[in-house]
Amino acid sequence: MTVAPSDPPTGTSLVRLLAGWLPQQRWFGGKDGPIHDLTIGTATELRPGDPALHHLVLDVRQDDTTDHYQLLLGVRRDLPEHLAPVVIGRLEDLEQGITGYVYDAAHDAELTRPLLELMAEERTVGPLAFRRAPGTGIRTDLDGAPIQGEQSNTSLIFGDAYICKLFRRLSPGVSPDLEVNLALSRRGCEHVPSVHGWIELEPGTLATAGRPSANGPSSGAGSSGDEPVTLALLSEFLLTATDGWQLALTSVRDWFAQPTTPGTAPAFTAEDAGAAGGDFAAEAERLGAATAEVHRDLAAAFGVTQAPPELVRRIVFAMHEQLDQVSAAVPQLRPYAPAIREVFDRVAAEAAPLPFQRVHGDYHLGQVLRTDSGWTLLDFEGEPARTPAERRAPAHPLRDVAGMLRSFEYAARFLLAREGDLPPQAADALELRAQAWAERNRAAFCAGYAAAGGPDPAAYATLVRAFEFDKAVYEIRYEARNRPSWLPVPLRSLARLAG
Ligand SMILES: Nc1ncnc2c1ncn2[C@@H]1O[C@H](COP(=O)(O)OP(=O)(O)O)[C@@H](O)[C@H]1O
Ligand SMILES: O=P(O)(O)O[C@H]1O[C@H](CO)[C@@H](O[C@H]2O[C@H](CO)[C@@H](O)[C@H](O)[C@H]2O)[C@H](O)[C@H]1O
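Predicted, not measured: the structure shown is a model, and the values here were computed from it. (Residues numbered from 1 in each chain as written. Chains lettered and ligands numbered in written order. Predicted model: local features only at pLDDT ≥ 70, side-chain atom pairs only at ≥ 80, totals over all residues. Heavy atoms only, no water.)

Asker: Tell me about the nonpolar core, residues and numbers included.
Answerer: Ranked by internal contacts, the top residues of the largest apolar core, which has 79 residues, are Leu365, Phe408, Trp437 and Phe445. The dominant element in this core, judged by the number of residues it contributes, is helix 11 (residues 398-418), at 13 residues. Those residues in contact with Phe408 that lie beyond four places of it in its chain are Phe280, Ala284, Leu365, Trp437, Ala438, Asn441, Arg442 and Phe445. Leu53, Val195, Leu206 and Val229 belong to the second largest nonpolar core, which has 43 residues in total. (Core = buried A, V, L, I, M, F, W, Y, C linked by side-chain atoms within 4.5 Å. Buried < 20%, exposed > 50% of the residue type's maximum accessible area, 1.4 Å probe, protein only. Helix = DSSP H or I, 4+ residues; strand = E, 2+ residues; numbered from the N terminus. Contact = heavy atoms within 4.5 Å.)

Listed below in structure tokens is the structure:
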């Protein structure tokens, strides 16, 4: 059956339709400002006919920054009902030679299956190269469907075999996710999924495709211009896995639902959180141990360097800079800035040489999966808002520990922040519970990490606190730009951390 969606935008210009559609996508990282210019950097036909599949790189200018986004564009004369939610518009663009409904083809199994074939056959189409990991085969008989849930990219699950992450906002160079997963798999690390293939854009394409902005060079152009740009990563799909965020939220929900004993407030200590059903602490401890093991393998694969005090001070300077920028953009952060700066300054004043190594870089509960055999770490991409050089730069491993500690804070306060305006007494009671849950799981995670050989977070309390504040500031910007309705979550936990 085919339908015409009730009210799809219609136009003669693909670019115009895209400019209206892009800001509504979860993965669009520029929601805090208008698009000043949008052009199609590269367009590659991957499959002709009806439906047709085109690969597009969009160059999106906002103020003086040009970002590059990847889109699989489907074109059909008639639109099946199940694709109506992902329609971009109806197009009669004679210049581009496209007539029909255009839509996000990541949601069209008929058009994503060819990606597996192209990787299995290691084909090159225009500037796109499809790769198969050495020593692996790729099945081509599977349909892909996007995963639901919070994601900065779009991942397709093919049967029960593969997950293919299509990077949405592109960075120049080889993706750290691909680089790190290949290196850790080679060392036999059991905490990462194996890589089956990937898709890349030929070197130099992004840098030249990136439209120079009016005020300066494109942010997309960079020192990695002579490397291919990773567009997608095909990995083993861990069928029995549940992500840490879902497990943690279930535990928090159970804890919030425990009946209260009248007249005993404040009775909610970290120990009480352990007595509740669905306690997460044993898992948090195992997660700490898995984290330390991955850090050990990362150090072995990429090496360790001693960061001199000057570098530590430069990093603290960058933390202050981020705080300046985010405070300017998000006024709710300003009351906490003095307490945050005080901790940053203490790290700078006490700066000593520190061992730096490759780390995860954006470590949180959504990046870890609990399988039958233990914890698996995902997405070594680093923070989406950082430059490619920053994402690959060695760092102190406790930066990841701080990332996960923040995530326990997020999980503890997510439901609370979502409750909206509760009567003050009920809000206070839930805040106590949130604190108890976070404390218990933070402590268990740190204990597991130190017991498995990681640097003991308790011995580096100021450094960990500075990393936590830096991450919280990053999160406030991330939420303002990507998910404004989530902003109360990091703000609420910052109120406690900096209070
Ligand atoms: N190998 C895998 N097996 C099963 N599920 C996975 C796998 N890789 C990722 N996922 C699921 O996809 C989600 C998003 O993956 P992730 O790599 O973190 O993408 P993003 O960078 O877009 O956030 C994860 O939280 C997890 O639930
Ligand atoms: O997973 P990504 O690499 O896309 O990371 C980005 O998005 C994350 C959210 O999807 C964001 O994480 C923040 O929200 C999480 C809950 O959704 C929480 O567990 C994290 O602690 C919190 O930082 C991440 O910061 C961002 O870079």
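Asker: Before we move on, can you summarise the packing of helix 7 (residues 281-302) against helix 12 (residues 424-451) with the specific residues and values?
Answerer: Look at helix 7 against helix 12: their axes get within 6 Å of each other, and the N-to-C directions meet at 40 degrees. For the pair helix 7 and helix 12, the sense of crossing is right-handed. Side by side, helix 7 and helix 12 meet where Ala281, Ala284, Glu285, Leu287, Gly288, Ala289, Thr291, Ala292 and His295 of the first sit next to Arg440, Asn441, Ala444, Phe445, Gly448 and Tyr449 of the second. For the contact of helix 7 with helix 12, the per-class residue count stands at 8 nonpolar, 5 polar and 2 charged. (Axes fitted to C-alpha atoms, helices over the stretch in contact; angles between N-to-C directions. Left-handed = near helix turned anticlockwise from the far one by under 90°. Nonpolar A, V, L, I, M, F, W, Y, C, P; charged D, E, K, R; others polar.)

Asker: Run through helix 14 (residues 488-497), naming residues and quoting values.
Answerer: Quick reminder: α-helices carry 3.6 residues per turn. Residues three or four places apart thus point the same way. All of the buried residues along helix 14 are Val489, Pro490, Leu491, Ser493, Leu494 and Leu497. Looking at the buried positions of helix 14, the neighbouring elements they touch are helix 9 (337-349), helix 11 and helix 13 (461-482).

Asker: Let's hear about the layout of surface pockets: which residues, and what values?
Answerer: In this structure, the second largest pocket spans a volume of roughly 330 Å³. Lining the second largest pocket are 17 residues, with Arg26, Trp27, His107, Ile147 and Thr154 positioned closest to its centre. For the lining of the second largest pocket, the class distribution of residues is 6 nonpolar, 8 polar and 3 charged. (1 Å grid on protein atoms, 1.4 Å probe; cavity = no way out; pocket = protein on both sides within 12 Å on 5 of 7 lines; lining within 4 Å. Points joined across faces, edges and corners; volume = space filled by probe spheres on them.)

Asker: Explain the site of ligand 1 to me, and be specific about the residues and the numbers.
Answerer: The local shell around ligand 1 holds 16 residues, among which Asn153, Glu236, Leu238, Gly366 and Asp379 are the closest. Separating a nitrogen atom of ligand 1 from a backbone N or O atom of Leu238 is a distance of 2.8 Å. Within the contact set of ligand 1, an oxygen atom lies 2.8 Å away from a backbone nitrogen or oxygen of Gly366. By residue class, the composition of the shell around ligand 1 is 7 nonpolar, 5 polar and 4 charged. Counting the residues that make up the shell around ligand 1, at least three belong to each of domain 1 (14-236) and domain 2 (242-497). (Near = heavy atom within 4 Å. Polar contact = N/O pair within 3.5 Å; in protein donor to acceptor, adjacent residues only side chain to side chain. Domains from an automatic or database assignment.)

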